[in-house]
Amino acid sequence: QVQLVESGGGLVQAGGSLRLSCAASGRTVSMYGTAWFRQVPGKERDFVAGITWNLGWTYYADSVKGRFTVTRDTANKTVALQMNSLKPEDTAVYYCAVRFDSGHLNRPDYDSWGQGTLVTVSS
């Protein structure tokens with residue numbers, strides 16, 4: 001099992017930036033990829049961005065391409081999500097997740113999930 005802890009959420013005005021971080025511990029040697037998902041009340045959890053641990057391949061949802069950047073620090077087992085040009089529609093609880101198999105990064109069947117961090121973008 002892998003334990004994940006997110007941090008960095010908060011309140012920001014539209015057009016501003018936030019940086020989320022996800023720290024992994026436990027069976028990290030088996031991790032294939034890490035992704036960020038987000039969810040608003042009453043809606044499904046949506047894929048935002050993902051990265052593979054070995055080669056650093058990245059994948060983004062169309063809604064965040066060009067604004068968000070996902071990176072990983074293999075030494076410290078952390079994944080960051082840099083969010084720029086934030087919009088009110090980016091408001092959600094953001095979750096970090098890890099998968100051990102080589103499934104596509106945007107599939108929701110991840111093995112471990114963090115507790116989530118709230119991002120609120122005011123207009």
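Structure: see above.
The paragraphs below set out a description of the structure included in this document. On a predicted model such as this, the values are computed, not experimentally measured, just so you know.

Cut-offs applied
Residues numbered from 1 in each chain as written. Predicted model: local features only at pLDDT ≥ 70, side-chain atom pairs only at ≥ 80, totals over all residues. Heavy atoms only, no water. Helix = DSSP H or I, 4+ residues; strand = E, 2+ residues; numbered from the N terminus. Buried < 20%, exposed > 50% of the residue type's maximum accessible area, 1.4 Å probe, protein only. Contact = heavy atoms within 4.5 Å. Areas by Shrake-Rupley, 256 points an atom, 1.4 Å probe, with all protein chains shown as cover. Lys, Arg positive; Asp, Glu negative; His and termini not counted. Charge placed at Lys NZ, Arg CZ, Asp CG, Glu CD. Pairing = 2+ DSSP bridges. Axes fitted to C-alpha atoms, helices over the stretch in contact; angles between N-to-C directions. Core = buried A, V, L, I, M, F, W, Y, C linked by side-chain atoms within 4.5 Å.

Overview of the overall build of the chain
Counting its regular elements, the chain contains zero helices and eleven strands. When the elements of the chain are put in sequence order from the N terminus, they spell out β-β-β-β-β-β-β-β-β-β-β. In the chain, which comprises 123 residues, the share counted as buried stands at 43%. Intrachain contacts of the chain at a sequence separation of at least 6 include 57% that bridge at least 24 residues. Accessible surface computed for the chain: about 6,200 Å², of which carbon and sulfur atoms make up 49%. Charge separation in the chain, taken as the distance between the mean sites of 12 positive and 10 negative side-chain charges, equals 4 Å.

Structural notes on the sheet that holds strand β7 (residues 68–73)
Read from one edge of the open sheet, four strands run β1-β3-β8-β7, paired in antiparallel fashion. Both edges of this open sheet fall to β1 (2–7) and β7, since each of them pairs with a single strand only. Here the average twist between neighbouring strands, direction ignored, is 15°. Pairing between β1 and strand β3 (residues 18–26): six bridges, direction antiparallel. In the strand pairing of β3, Q3 is matched with S25.

Remarks on the nonpolar core
W36, V48, F68, V70, L81, M83 and Y94 are the most contacted members of the largest nonpolar core, which totals 34 residues. Here this core gets five residues from one element, more than from any other, and that element is strand β9 (residues 92–99). Those residues in contact with V48, other than ones at most four positions away along the chain, are W36, F37, R38, Y59, Y60, A61, V64, F68, L81 and Y94.

Examining the environment of S123
Summarising the element assignment, S123 is placed in the segment after β11 (117–122). Looking at S123, the relative accessible area reads 87%, which means it is exposed. Along the sequence, S123 and Q13 sit 110 residues apart, while their C-alpha atoms lie 6.2 Å from each other. Apart from the residues within four sequence positions on either side, S123 is in contact with A14 and P88.

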